Amino acid sequence: MAQEALAEPVTVRFEVRLSEAAAKIKPADQLELRGNLPELGAWGGKGLSLVRGADGVFTGEIAGVKAGTKIECKVTRGGWETVEKAGDGGEINNREIVVKAGAEAGVEAMVVTMEVQNWADGVEAKKVASTATGDIREHASVRSEVLGNTRRVWVWLPEGYEQEPERRYPVLYM
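Residues numbered from 1 in each chain as written. Predicted model: local features only at pLDDT ≥ 70, side-chain atom pairs only at ≥ 80, totals over all residues. Heavy atoms only, no water.

Just give me the short version of the packing of aromatic side chains, but keep the residues and values in it.
Going through the model one piece at a time under the given rule, you end up with 2 aromatic pairs. Their ring planes at 45° and their centres at 5.9 Å tell us that Tyr 161 and Tyr 169 sit as a pair that is tilted. The class of Tyr 161 is partly exposed, set by a relative accessible area of 33%. Looking at Tyr 169, the relative accessible area reads 19%, which means it is buried. Across from the ring centre of Trp 119, 5.2 Å away, lies the NZ or CZ of Arg 77, which sits over that ring. (Phe/Tyr/Trp six-rings, centres within 6.5 Å; stacked < 30°, edge-to-face > 60°. Buried < 20%, exposed > 50% of the residue type's maximum accessible area, 1.4 Å probe, protein only. Lys NZ or Arg CZ within 6 Å of the ring centre and 35° of its normal.)

Here's what the structure looks like:
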């Protein structure tokens, strides 16, 4: 039998620190760890609430995790609109932790430390320059009788469209 099969379930303790930029949060903000396990909201619902200690470190625990379990997670301030980001505001990969057996970890609890660099709402959105080229025309208010609404529509016209108004062109709707 493998040693992991004999190992007792482990308590995983998360300790989250905030960088100077990320520490500029409201006192009422609730930090959560959201991830792939049911205790972390299974990427959908409410995650594991983290409690702020006197030292400013946020902590939370999941008990009874089997050795070898892969945990993927991110820190949020209660929702995906406030998910953690890199220091420059860029995306970061999910945090990945593989739970080690108590004997491997040397204790009954495994401690995972992380530092949040920034928040999704803590950085200005980067303006991306348009890469659209050609004759693109915007129609701000196109009414749809079928959908019962009004939409903005952009039309890309092929080269030479103005010079050959009678010519028929193939159309792709997106």
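Break down the side chain of Glu 15 for me, citing the residues and quoting the values.
When you line up the elements, Glu 15 lands in strand E1 (residues 10-18). The contacts of Glu 15, once residues within four sequence positions are left out, are Val 57, Phe 58, Thr 59, Val 111, Val 112, Thr 113 and Met 114. (Helix = DSSP H or I, 4+ residues; strand = E, 2+ residues; numbered from the N terminus. Contact = heavy atoms within 4.5 Å.)

Describe the sheet that holds strand E5 (residues 58-65), with residues and values.
Taken in spatial order, the 4 strands of this open sheet run E4-E5-E1-E9, and their pairing is mixed. Of all strands in the sheet, those with a lone pairing partner are strand E4 (51-52) and strand E9 (109-116), marking the two edges. Strand direction decides the pairing type here: E4 and E5, joined by 2 bridges, are antiparallel. In the sheet register, Arg 52 faces E5, and the bridge partner there is Phe 58. (Pairing = 2+ DSSP bridges.)

Quick one: what's the story with the sheet that holds strand E8 (residues 95-98), residue by residue and with numbers?
If you trace the 4 strands from one edge of the open sheet to the other, you get E3-E2-E6-E8, paired in antiparallel fashion. On the outer flanks of this sheet lie strand E3 (48-49) and E8, each paired with one strand and no other.

How would you summarise the layout of surface pockets if you had to cite specific residues and measurements?
There is about 610 Å³ of room inside the largest pocket. Trp 154, Val 155, Trp 156, Val 171 and Leu 172 are the residues nearest the centre of the largest pocket, which is lined by 15 residues in total. Looking at which element gives the most residues to the lining of the largest pocket, the answer is strand E12 (residues 149-157), with 6 residues. Here the residues of the lining of the largest pocket are counted per class, giving 14 nonpolar, no polar and 1 charged. (1 Å grid on protein atoms, 1.4 Å probe; cavity = no way out; pocket = protein on both sides within 12 Å on 5 of 7 lines; lining within 4 Å. Points joined across faces, edges and corners; volume = space filled by probe spheres on them. Nonpolar A, V, L, I, M, F, W, Y, C, P; charged D, E, K, R; others polar.)

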